[in-house]
Amino acid sequence: MLVEIPDVMLNDGYRIPAIGFGTVEILGNKGTLQILNAIQSGYRLIDTSTNYDNEGIVGKAVKNSGIPRDELLISSKLPGKYHDFDSALKIIEEQLARTDLEYFDKYLIHWPNPDDGKYVEAWKALIQAQKLGMILTIGVSNFLEHHLEKIIDETGVVPATNQIEIHPYFSNKENVKANEKFGIITEAWSPLGRDINDAKQHPDIIEIGKKYNKSAPQVIIRWLHQRDIVPIVRSGDPIHQQENLNIFDFELTDAEMEKIFSLDKGEEGRVEGQHPDEYHEYD
Ligand SMILES: NC(=O)c1ccc[n+]([C@@H]2O[C@H](COP(=O)([O-])OP(=O)(O)OC[C@H]3O[C@@H](n4cnc5c(N)ncnc54)[C@H](OP(=O)(O)O)[C@@H]3O)[C@@H](O)[C@H]2O)c1
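This is a predicted model, so every value here is computed, not measured. (Residues numbered from 1 in each chain as written. Predicted model: local features only at pLDDT ≥ 70, side-chain atom pairs only at ≥ 80, totals over all residues. Heavy atoms only, no water.)

### Some details on the site of the ligand
- Around the ligand, the surrounding shell holds 29 residues, and the nearest of these are Asp47, Arg194, Asp195, Ser235 and His240.
- Between the ligand and the protein, one listed contact pairs an oxygen atom with a backbone N or O atom of Gly193 at 3.3 Å.
- With the chains in place, 88% of the 900 Å² that the ligand exposes on its own is no longer accessible.
- Elements supplying a minimum of two residues to the shell around the ligand: β10 (230-233) and α9 (238-243).
- For the shell around the ligand, the class distribution of residues is nine nonpolar, twelve polar and eight charged. (Near = heavy atom within 4 Å. Polar contact = N/O pair within 3.5 Å; in protein donor to acceptor, adjacent residues only side chain to side chain. Areas by Shrake-Rupley, 256 points an atom, 1.4 Å probe, with all protein chains shown as cover. Helix = DSSP H or I, 4+ residues; strand = E, 2+ residues; numbered from the N terminus. Nonpolar A, V, L, I, M, F, W, Y, C, P; charged D, E, K, R; others polar.)

### Some thoughts on the UniProt feature "site: Lowers pKa of active site Tyr" (unreviewed entry) in the protein chain
- In this numbering, the UniProt entry assigns the feature "site: Lowers pKa of active site Tyr" (unreviewed entry) to Lys77.
- Lys77 gets classed as buried once you look at its relative accessible area, which sits at 0%.
- What Lys77 contacts, discounting residues up to four positions off in sequence, is Asp47, Thr48, Ser49, Thr50, Tyr52, Gln95, Tyr107, Leu108, His110 and Gln163.
- A distance of 2.7 Å separates a polar atom in the side chain of Lys77 from a polar atom in the side chain of Asp47. (UniProt positions renumbered as here; feature names shortened; annotations may be inferred. Buried < 20%, exposed > 50% of the residue type's maximum accessible area, 1.4 Å probe, protein only. Contact = heavy atoms within 4.5 Å.)

### Observations regarding the pattern of salt bridges
- Taken as a whole and judged by the stated rule, the model has 18 salt bridges.
- Here Asp100 makes a salt bridge to Lys63, at a shortest N to O gap of 3.4 Å. Highlighted residues: Asp100 in the loop between α3 (85-99) and β6 (104-109) and Lys63 in helix α2 (residues 55-64), separated in sequence by 37 residues. Lys63 matches Asp100 in its accessibility class, with the two residues each being exposed.
- A salt bridge links Lys214 to Asp249; the shortest N-O distance between them is 2.9 Å. One end of the pair, Lys214, is in the loop between α7 (203-212) and α8 (216-226); the other, Asp249, is in the loop between α9 and α10 (254-261), and 35 residues separate them in sequence.
- On the accessibility criterion, Lys214 (15% relative accessible area) is buried.
- The class of Asp249 is exposed, set by a relative accessible area of 58%. (Salt bridge = Lys/Arg side-chain N within 4 Å of Asp/Glu carboxyl O.)

### Quick look at the packing of helix α5 (residues 145-155) against helix α6 (residues 173-182)
- One way to put it is that α5 packs onto α6 with a least axis distance of 9 Å and a crossing angle of 25°. The angle between α5 and α6 falls in the class roughly parallel. Along its contact with α5, which presents Glu145, Leu148, Glu149 and Ile152, the element α6 presents Ala178, Asn179, Lys181 and Phe182. (Axes fitted to C-alpha atoms, helices over the stretch in contact; angles between N-to-C directions. Parallel < 35°, antiparallel > 145°, perpendicular 65-115°, else oblique.)

### Quick word on the nonpolar core
- In this structure, Ile35, Ile92, Leu126 and Leu252 are the most contacted members of the largest nonpolar core, which totals 81 residues.
- By residue number, the principal contributor to this core is helix α4 (residues 119-131), which donates eight residues.
- Filtering out sequence-adjacent residues up to four positions away, Leu252 remains in contact with Ile208, Tyr212, Val219, Arg222, Trp223, Gln226, Met257 and Ile260. (Core = buried A, V, L, I, M, F, W, Y, C linked by side-chain atoms within 4.5 Å.)

### Focus: α7
- When α7 is considered as a whole, its buried residues turn out to be Ile205, Ile208, Gly209 and Tyr212. An end-on view of α7 places all buried positions within 100° of arc, on one side of the element. With respect to the buried face of α7, the exposed residues turned more than 90 degrees away are Pro203, Lys210 and Lys211.
- The elements touched by buried residues of α7 are α8 and α10.
- The first or second residue beyond α7 is Asn213, which carries a positive phi of 60°. (Arc of directions from axis to C-beta.)

This is how it looks when you write it as structure tokens:
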């Protein structure tokens, strides 16, 4: 059964679905079929990146899906080595060629890479790419409050979305609050903690799920939804893909929300210890 995903309004007037499909490790011909299956299950927002080596198959799935282009939202990201203005515009053109798309619906700076000191320049390039019609809505990823402040102060343009790490072991309240302060919609990456932590098997989350006849991943996705966060969830498994969308027919109580917040491990909880002030995105 196709689940209808509600929309979320962004600060620039665009709307995105309340759940997106993640594509890390979704690769090759098998990956194309997995993306096609996700689209058939109802996902409309597809998150990719040059760093994932799958922009080509994302474009192929879009073409083969039979879904009108304007009903799908394809989101890609600017890799760290292209933060200078001219390179950023050229790589966006290249990414569009790889995906065989005329525009990206959404596009993010993947990491601020503060040691390079060029994320403001990168943000200016995204603003220009939007003006040129290559991108509809522009945003960032892994930006902390002071990175956001800097790009907004220097350009006057507020990102529409900020995609950051959030899952039960890293609830990331502070970064979410900063996004809210600027009217930025938060997207959650690794919402299930990938395979690196065991939040999906945590007994407290399983226990909460029993009450609603829901799995632990469904409880986690619902916890994010009730925080007004857009989870970008990845699954190559058709059953999991469907399951992860079936979260709109129950509501967690305040006590259950707090129970999940209590699992937070602070900085220790990050899946790969990638603090945005220190992490240099791989080139
Ligand atoms: N902006 C950034 O810097 C950044 C960083 C990391 C990730 N991302 C984005 O965020 C997306 C999601 O993060 P992620 O891929 O790291 O991990 P994730 O979505 O937290 O977890 C994916 C893992 O959970 C499993 N899974 C999914 N649904 C399940 C279910 N219902 N039951 C049991 N297992 C389930 C998947 O296995 P199966 O395939 O077997 O279902 C997979 O192994 C990425 O794919 C990417 O698009 C962005």
